[in-house]
Amino acid sequence: MCGIIGIASSKPVSINIINSLKKLEYRGYDSAGIATLKDQLINERKCSGRVDELEKILLKSPSDGNIGIGHVRWATHGIPNLINAHPHSSENVSVVHNGIIENSDELKKILEDKGSKFKSQTDTEVITLLITEALKNMEPLDAVFKTLKDLKGSFALGIIFKDFPDIIIGARRGSPLAVGYSSNENYLGSDSYALKSMTNKISYLDDGETCVLTKNSISFFDVKKNKINKKVHIVSDDENISDKGNYKNFMSKEIFEQPITAKKCVNEYIDSLKKDINILNFPIRPKELKKIVLVGCGTAYHSCLVAKYWFEELSSIEVEIDIASEFRYRKIKFDPKNLYIFVSQSGETADTAAALDICKKNKVKTCSVVNVIESTIARNSDWVLPIHAGPEIGVASTKAFLGQLIVLYILCLKISSVRGDINKSNYNKNIENLKKLPDAIKKTLTLETNIQLMAKEFLNARGSMFLGRGSSFPIALEGALKLKELSYLHAEGYPAGEMKHGPLALIEEGLPVIVIAPKDKYFEKTLSNMQEVIARGGKIFFITDNKKDSISENIRFGLRVPHLDNFLSSILLAVPLQMLAYHVALLKNCDIDKPRNLAKSVTVE
Ligand code: F6R
């Protein structure tokens, strides 16, 4: 993961580097650092904490210079501490790195045998020392190219040179890298979001490419060091990106933005006049589609799981789902009649991007469901279905999950209708219900006061279980994921019918068990499974869209979300679970927007 930034300017750059690093903290927040060049000296400032800490250090001990690089770290090689914080500098070179150098041990040994001394436990330092060695008899660009040939793994790099004070070199292999253009100032960054306050003119490096920036010029090179031209994109302006407004943190803002997310997404895809879904340009005609393969990680994978139930219920099409880190290593029989759909909020998740690349190599049609339309996954896929959620800053995905579900549901409706799997009247009814979704989410959010009370019951718990059947099973998985990542309380999601095959042994007096039971074909079955838990002392938290009287006495806490239809209930039932995780974490004083050990964009394998 990690975020990198570089600025070449005609004025001091450290303040802008700090501001950009604050935007990149979603990529990692284990440590932060900056290196600037002035009077032929590399000046480093680093801290083992967050960018706010680094800013304080810079206030006390400013680091001037019109050229500089910065980094926020998500630790891979070496514990998160000051020594391992980037940039990693020698006397001549300073490097920031996002990614992993897989052969770093081997390279370290070679360098040590030649007399190099390492200060940190990072893989990055080998890059610094290899470039330093190469610079003894080469120009910077040649030294970087020579070093790149030795490196195995995936990375994005930003490099400055003591003796060449006007240039920053950037290189990409695997991990994303963007450059930004302005007058008398040019930029390098892990994404366009970090550069947005300075420019909206962006080019993206492709794999194997390298760039050289000065304040007045940017040159690009392909893997063979031939000069190349790159397309300049004008990136969109997103309103309120980094403004928490009156909310305590981004996550609560993003939870409460969900009615707007739903409205925006529904408006983008539903043509109210024609009463139709305006999804066009299918890369394979829906009637000719043999199978849909849905791939994602974490929360995005859960949205694929929910969609599988929808496709199976509504359409005649076969559906397969997989976790991207598994998919990329499976021996898959690719079929040109299948559509391979990649779901990702960031569009930068390394495993998902690699799974997409494998599909491209096998010449099958790909689609991405993404939030960031300028992202690698969006740019590399044949067909993009944006979720229109706007920037999601909180590490735990909330409104993007909602957006993914809505887009997948809309796609499912459209494909089912074109294939003639659902009749016009059901299609229209489903579209009408979708239009009611934003208001139903609004009503669901009014459950917050009850959820705050419910959250207190989790404070002394040793663990928890989330149970559901059908499409409520992935919602249970998502509820458990949200609770564990935010509150660090152990939580497991299970299909309710599977409990008696093992997990029932975990039930003990007072264990919180969240039962997700909408009034669908599984309702009675789920109630029976719930009784098995009650009989063993589990403390039940029951979430339904059924009538109030289905919340019985044996239940510790009951919540009821509005009922629209059996498909949209999955979306509505996810909302109280997000709020539950949020409030448990708040009571436990956890860092809501930046849970420990995590990062928003997972750009390592
Ligand atoms: C959990 C969460 C993660 C992401 C996963 C994939 O709240 O956000 O599980 O869903 O890392 O990320 P994207 O969607 O960016 O590919």
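Procedures and definitions
Residues numbered from 1 in each chain as written. Predicted model: local features only at pLDDT ≥ 70, side-chain atom pairs only at ≥ 80, totals over all residues. Heavy atoms only, no water. Helix = DSSP H or I, 4+ residues; strand = E, 2+ residues; numbered from the N terminus. Rg over C-alpha atoms; globule rule 2.2 N^0.38 Å. Buried < 20%, exposed > 50% of the residue type's maximum accessible area, 1.4 Å probe, protein only. Contact = heavy atoms within 4.5 Å. Areas by Shrake-Rupley, 256 points an atom, 1.4 Å probe, with all protein chains shown as cover. Lys, Arg positive; Asp, Glu negative; His and termini not counted. Charge placed at Lys NZ, Arg CZ, Asp CG, Glu CD. Salt bridge = Lys/Arg side-chain N within 4 Å of Asp/Glu carboxyl O. Near = heavy atom within 4 Å. Nonpolar A, V, L, I, M, F, W, Y, C, P; charged D, E, K, R; others polar. Domains from an automatic or database assignment. Core = buried A, V, L, I, M, F, W, Y, C linked by side-chain atoms within 4.5 Å. Pairing = 2+ DSSP bridges. Axes fitted to C-alpha atoms, helices over the stretch in contact; angles between N-to-C directions. Parallel < 35°, antiparallel > 145°, perpendicular 65-115°, else oblique. Left-handed = near helix turned anticlockwise from the far one by under 90°. Buried area = accessible area lost by both parts, 1.4 Å probe. Polar contact = N/O pair within 3.5 Å; in protein donor to acceptor, adjacent residues only side chain to side chain.

Trainee: Please provide a residue-by-residue account of the overall build of the protein chain, values included.
Mentor: Across its full length, the protein chain carries 17 helices and 27 strands. Its C-alpha radius of gyration of 25 Å places the protein chain within 12% of the 25 Å reference for a compact globule of 605 residues. Taken along the three principal axes of its C-alpha coordinates, the protein chain extends 80 × 55 × 45 Å. Across the 605 residues in the protein chain, those meeting the buried criterion constitute 61%. Long-range pairs, those at least 24 residues apart, make up 71% of the contacts in the protein chain between residues at least 6 apart in sequence. For the protein chain, the exposed surface amounts to about 24,500 Å²; the carbon and sulfur share of it is 48%. Charged side chains in the protein chain number 81 positive and 72 negative. The centres of these two groups are separated by 2 Å.

Trainee: I'd like a rundown of the side chain of Thr 147, residues and numbers included.
Mentor: In this structure, Thr 147 sits in helix 5 (residues 140-150). With residues up to four places along the chain from it excluded, the contact list for Thr 147 reads Ile 127, Leu 130 and Ile 131.

Trainee: Hey, could you go over the pattern of salt bridges for me, with residue numbers and the actual values?
Mentor: Considering all chains together, one arrives at 33 salt bridges under this definition. Its salt-bridge partner being Lys 46, residue Glu 44 comes within 3.6 Å of it at the nearest N-O pair. Residue Lys 46 is classed as buried on the basis of its relative accessible area of 18%. We note a salt bridge from Arg 328 to Asp 351, for which the minimum N-O separation is 2.7 Å. A residue pair is termed long-range when its members are at least 10 positions apart, and Arg 328 in the loop between helix 9 (324-327) and strand 20 (338-344) and Asp 351 in helix 10 (residues 350-361) qualify at 23 residues. Side by side, Arg 328 and Asp 351 carry an identical accessibility label, which is buried.

Trainee: Describe the site of the ligand, and please don't skip the residues or the numbers.
Mentor: Around the ligand sit 15 residues, and of these Ser 344, Gln 345, Ser 346, Thr 349 and Glu 485 come closest. Summarising the interface, the protein chains cover 89% of the accessible area of the ligand, which totals 410 Å² for the free molecule. Elements with a contribution of two residues or more to the shell around the ligand: helix 8 (298-314) and helix 15 (472-487). Among the residues forming the shell around the ligand, the class breakdown is six nonpolar, seven polar and two charged. Residue-level mapping places the shell around the ligand at the junction of two domains, with at least three residues from each of domain 2 (240-445) and domain 3 (446-593).

Trainee: So what's going on with the nonpolar core? Which residues, and what values?
Mentor: By size, the foremost hydrophobic cluster in this structure holds 97 residues, and its most contacted members are Ile 406, Leu 434 and Leu 437. Two domains share this core, each providing at least three of its residues, namely domain 2 (240-445) and domain 3 (446-593). Beyond its immediate sequence surroundings of up to four residues, Leu 437 is in contact with Ala 262, Ile 406, Leu 564, Leu 568, Ile 571 and Leu 572. Residues Val 126, Leu 130, Phe 161 and Ile 167 belong to the second largest nonpolar core, which totals 28 residues.

Trainee: Account for the sheet that holds strand 9 (residues 178-182), with residues named and values stated.
Mentor: One open sheet accounts for eight strands, arranged 3-2-4-1-10-9-11-15; its pairing is antiparallel. Sheet topology places strand 3 (41-47) and strand 15 (233-234) at the edges, where each strand pairs with a single neighbour. Inspection of the sheet shows strand 1 (residues 3-9) paired to strand 10 (residues 185-189) by five bridges, in the antiparallel sense. Paired with Ile 7 across the bridge in strand 10 is Tyr 187. Seen against the sheet, helix 1 (residues 14-24) touches strand 1, strand 2 (31-38), strand 4 (67-73) and strand 10 and runs at an angle of roughly 155° to strand 1. Packed on one face of the sheet, helix 2 (residues 51-60) meets strand 2, strand 3 and strand 4 and runs near 130° to strand 3.

Trainee: For the packing of helix 8 against helix 15, give the residues involved together with the corresponding values.
Mentor: In contact at an axis separation of 8 Å, helix 8 and helix 15 are set at 165° when each is read in the N-to-C sense. As judged from the angle between their axes, helix 8 and helix 15 are roughly antiparallel. Considering only the axes of helix 8 and helix 15, their crossing is left-handed. Across from Gly 298, Thr 299, His 302, Leu 305, Val 306 and Tyr 309 in helix 8, the residues of helix 15 making contact are Phe 473, Pro 474, Ile 475, Leu 477, Glu 478, Leu 481 and Lys 482. Of the residues belonging to the contact of helix 8 with helix 15, the class tally is eight nonpolar, three polar and two charged.

Trainee: I'd love a proper account of the sheet that holds strand 18 (residues 291-296), names of residues and values included.
Mentor: Ordered by their spatial adjacency, five strands build an open sheet running 19-18-20-21-22, and the pairing between neighbours is parallel. Strands with a single pairing partner mark the edges of an open sheet, and in this sheet they are strand 19 (318-323) and strand 22 (383-386). The average angle at which neighbouring strand axes cross in this sheet is 20°, direction not considered. When strand 20 meets strand 21 (residues 365-370), the two strands line up parallel, connected through six bridges. What sits directly across from Phe 342, in strand 21, is Ser 368. Running over the sheet, helix 10 touches strand 18, strand 20 and strand 21 and is turned about 160° from strand 20.

Trainee: Would you mind going over the domain arrangement of the protein chain in detail, with residue names and values included?
Mentor: In many reports, interface size means the accessible area that the parts give up when they come together. Assigned domains of the protein chain: these are domain 1 (3-234), domain 2 (240-445) and domain 3 (446-593). Contacts between the two partners involve nine residues from domain 1, matched on the other side by eight residues from domain 2. Between domain 1 and domain 2 the total buried area reaches about 810 Å² when both faces are included, carbon and sulfur atoms providing 57% of it. Linking domain 1 with domain 2 are zero salt bridges, by the criterion used here. For the interface between domain 1 and domain 2, the tally reads zero residue pairs in polar contact (both at pLDDT 80 or more). Of the residues belonging to the side of domain 1 that touches domain 2, the class tally is five nonpolar, one polar and three charged.

Trainee: Tell me about the packing of helix 13 (residues 424-445) against helix 17 (residues 568-587), and please be specific about residues and values.
Mentor: Between helix 13 and helix 17, the shortest axis-to-axis distance is 10 Å and the interhelical angle comes to 20°. Between helix 13 and helix 17, the crossing angle belongs to the class labelled roughly parallel. As helix 13 packs across helix 17, the resulting crossing turns out to be right-handed. For the pair helix 13 and helix 17, contact is made by Asn 433, Leu 434, Leu 437, Ala 440, Ile 441, Thr 444 and Leu 445 and by Leu 568, Ile 571, Leu 572, Val 575, Pro 576 and Met 579, respectively.

Trainee: Lay out the environment of Trp 310 with the relevant residues and their values.
Mentor: Inspection of the secondary structure puts Trp 310 in helix 8. Note on Trp 310: relative accessible area 1%, which makes it buried. For the pair Trp 310 and Pro 336, spaced 26 residues apart in the sequence, the C-alpha separation amounts to 23 Å. Look past the residues within four positions of Trp 310 in its chain and what remains in contact with it is Ser 315, Leu 405, Leu 408, Tyr 409, Cys 412, Phe 567, Ser 570 and Ile 571.

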